[in-house]
Amino acid sequence: MAQIGYSKKVMEHFMNPRNVGTIKDPDGYGKVGNPVCGDLMEMFIKVKDDVITDMKFKTFGCGSAIATSSMVTELAKGMHVDEAMKITRNDVASELDGLPPQKMHCSNLAADALHEAIKDYKGKKKSPERGSKQQKEDTRKDSKQ
Amino acid sequence: MPQQQCGFRDAKVKKIYLDHVSSKPIHPRVLEFAKGYLKHGYGNPSSLYSVGLEAKRILEDARIKLAELINGENENSIIFTASATEANNLAIRGTALRNVSKGREVAASTIEHISVLNPMKELQKNGFTLNLIPVDSMGVVDLAKLDEVLTKNTTVTSIMYANNEIGTIEPIREISTTVHDKGLYLHVDATAAAGYIPIDVKADGIDLLTLSSNDLYGPQGAGALYVKPGIKLQPILLGGGQERGLRSGTENLFAVAGMGEAARMAKDEMAQEARRLKGMRDKLIEEIVTIEGAYLTGDPTQRLPHHASFRFEHIEGESILLNMDMYNIQVSTGSACSSKTLEPSHVLLAIGLKHEEAHGSMVLTLGRSNNMEEIPTIVKAVKETVERLRKLSPLSNKGVM
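Residues numbered from 1 in each chain as written. Chains lettered and ligands numbered in written order. Predicted model: local features only at pLDDT ≥ 70, side-chain atom pairs only at ≥ 80, totals over all residues. Heavy atoms only, no water.

Novice: Even after reading the chapter, I still don't get helix H2 (residues 50–69) of chain B, so can you show me in this structure?
Specialist: Since the α-helix turns once every 3.6 residues, residues separated by three or four places project in the same direction. A rise of 1.5 Å per residue sets the reference length of H2(B), with its 20 residues, at 28 Å; its end C-alpha atoms lie 29 Å apart and thus fit the reference within 8%. Within H2(B), burial applies to B:Gly52, B:Ala55, B:Ile58, B:Leu59, B:Glu60, B:Ala62, B:Arg63, B:Lys65, B:Leu66, B:Ala67 and B:Leu69. (Helix = DSSP H or I, 4+ residues; strand = E, 2+ residues; numbered from the N terminus. Expected span 1.5 Å × (residues − 1). Buried < 20%, exposed > 50% of the residue type's maximum accessible area, 1.4 Å probe, protein only.)

Have a look at this one:
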């Protein structure tokens, strides 16, 4: 039978999302989506020796947007960044016991946000002085909260 | 927030159903009236033996009750269908196709229900000209524009009595004057309005009017189209010629009998029930708009008595719906994420909201099961929901973007 509505696991993560918030001076920052489309995610990571030691998110969006954000932080925390780059949208969805078909495309952006944060981290590692535009945005936002 | 172990609502928390615009429970008195026809009403109203004649009597009784609700000329002006969607289709396609000799233009407001807009677009694909009439920021049809675009070739203009998503009541009498001055026939979708505000097809100047059974607390599976005597339609379902040849197919006796009884109840109790609902609605609006970044959508005064619709900055409607359900409160939203098309509500866009604003909508529609004692519980749940989702959101007035 086709899945009707969200799985229990999606609802559990929606109601009790893990790792909500921001990180000051993150080692990597990723932002995907757009409020015009109804989904916007921000991911913050702290990295030591290429291992993700801490991770936070903020998400504007529907139930699956929030649940996938929460799930991806659980999956990636403690992982080597190269391993975390391999986490796919499908991995996140199956860890949540599946998502309704129409949600697979538009609101399963959490893995993408994670990948953006890791790319940002790697970019900074190459040129540590420069600091990304995204990080500046983040610092600006953090200071206002 | 209620204690959540695994994120699912506590079954002990009393349900507060606030989505009466989407679906209503059948009223116990309607069910009591009609249930006998579910069990025994197998006679075909078209058959001449006694069982068939009894079925015919039930059908005609329901027809009279519906005509009385809207002050129709007589019971023959009521055509039963299987849904309001079907009635809208029959009204628009039936009128446009039957009257091509008079013109090939149709018109509708931009906030019509999709079961009006889609038949209109289908006609457009087949060579008709479709004129969409804009609305203002309150959702009121632009009368000057209506006057400007209608011509003697406009055979059917469709404007809803009141909008289901924002609650705005349209100035139907003024619209009727313009339509009859410039065009030919006025179709009014009264699905959301019937049973809440008085409708008088003669005084209002309405040629065709759509009604829904379930929206009157009747069973699902029945709708009706009022057709002013003298107006010719082309049927869209062909067959045995039931319903004066306009809607073939054996009538759903249980649903139609229930719809008739629901219409009778609505007529008798409307004034009192509307007053009761309006008191609750006003209290809800008064409290909810005090939340920062919360706005009423639709007209504040020309508004259905049971309808309170809002938008909230920086949060998304499907999340609002899911979060409210955790309090065992059922609401609806015009957010893209809860729609099949993944587009936000065309109504919210038509009143000038940006996409990101339309995503944060919440619609509360009160009904017979609700009472004033529930209002503080609802308001508290809305406040906590908005607060929680805003804490999760990267957006704020200071702006991340």
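Novice: Would you mind going over the pattern of salt bridges with me for this structure?
Specialist: It is possible for side chains of opposite charge to pair when their charged atoms get near one another. Residue and element names in this part refer to chain B. Applying the stated criterion across every chain, the model contains 37 salt bridges over all chains. Residue Glu243 is joined to Arg63 by a salt bridge in which the shortest nitrogen-to-oxygen separation is 2.7 Å. Residue Glu243 is found in the loop between strand S8 (223–227) and helix H8 (253–288), and its partner Arg63 is found in helix H2; the two are separated by 180 residues along the sequence. Considered together, Glu243 and Arg63 belong to a single accessibility category, that of buried residues. A salt bridge links Asp282 to Lys278; its shortest N-O distance comes to 3.5 Å. (Salt bridge = Lys/Arg side-chain N within 4 Å of Asp/Glu carboxyl O.)

Novice: Where do I start with the sheet that holds strand S10 (residues 307–312) of chain B in this structure?
Specialist: Through backbone hydrogen bonds, the strands of a sheet pair up, either in parallel or in antiparallel fashion. Residues and elements named next belong to chain B. Taken in spatial order, the 3 strands of this open sheet run S9-S10-S12, and their pairing is antiparallel. Two strands lie at the open edges of the sheet, namely strand S9 (294–296) and strand S12 (361–365), each paired on one side alone. Pairwise comparison of adjacent strand axes, ignoring direction, gives a mean angle of 25 degrees for this sheet. Most of the contacts of H8 go to S10, to which it runs at about 15 degrees, and overall it touches S9, S10 and S12. (Pairing = 2+ DSSP bridges. Axes fitted to C-alpha atoms, helices over the stretch in contact; angles between N-to-C directions. Contact = heavy atoms within 4.5 Å.)

Novice: Sorry, what's going on with the confidence of the model for chain A here?
Specialist: Any region with low pLDDT has predicted coordinates that should not be read closely. Taken over all residues, the pLDDT of chain A has a mean of 87, while the share at 70 or more is 83%. When the criterion is pLDDT under 50, residues 138–145 of chain A qualifies, and its contacts beyond four places in sequence or with other chains add up to 17 contacts. (pLDDT = per-residue confidence, 0-100.)

Novice: Explanation requested: the domain arrangement of chain B in the structure shown.
Specialist: By convention, interface size is frequently given as the accessible area that disappears when the constituent parts associate. Residue and element names in this part refer to chain B. Domains assigned within chain B are domain 1 (10–25 + 271–392) and domain 2 (28–266). Here the C-alpha centroids of domain 1 and domain 2 sit 28 Å apart. Contacts between the two partners involve 28 residues from domain 1, matched on the other side by 28 residues from domain 2. Carbon and sulfur atoms make up 57% of the surface buried where domain 1 meets domain 2, a total of about 2,300 Å² over both sides. In terms of surface lost to domain 2, no three residues of domain 1 exceed Lys24, Leu304 and Arg368, which account for 27% of the buried area on that side. Put simply, domain 1 and domain 2 have 1 salt bridge between them. A salt bridge links Asp215 to Lys24, with the shortest nitrogen-to-oxygen separation between them at 4.0 Å. Summed over the shared surface of domain 1 and domain 2, the number is 13 residue pairs in polar contact (both at pLDDT 80 or more). Sorting the residues of the side of domain 1 that touches domain 2 by element identifies H8, S10 and helix H10 (346–350) as the ones contributing at least two each. (Domains from an automatic or database assignment. Buried area = accessible area lost by both parts, 1.4 Å probe. Polar contact = N/O pair within 3.5 Å; in protein donor to acceptor, adjacent residues only side chain to side chain.)

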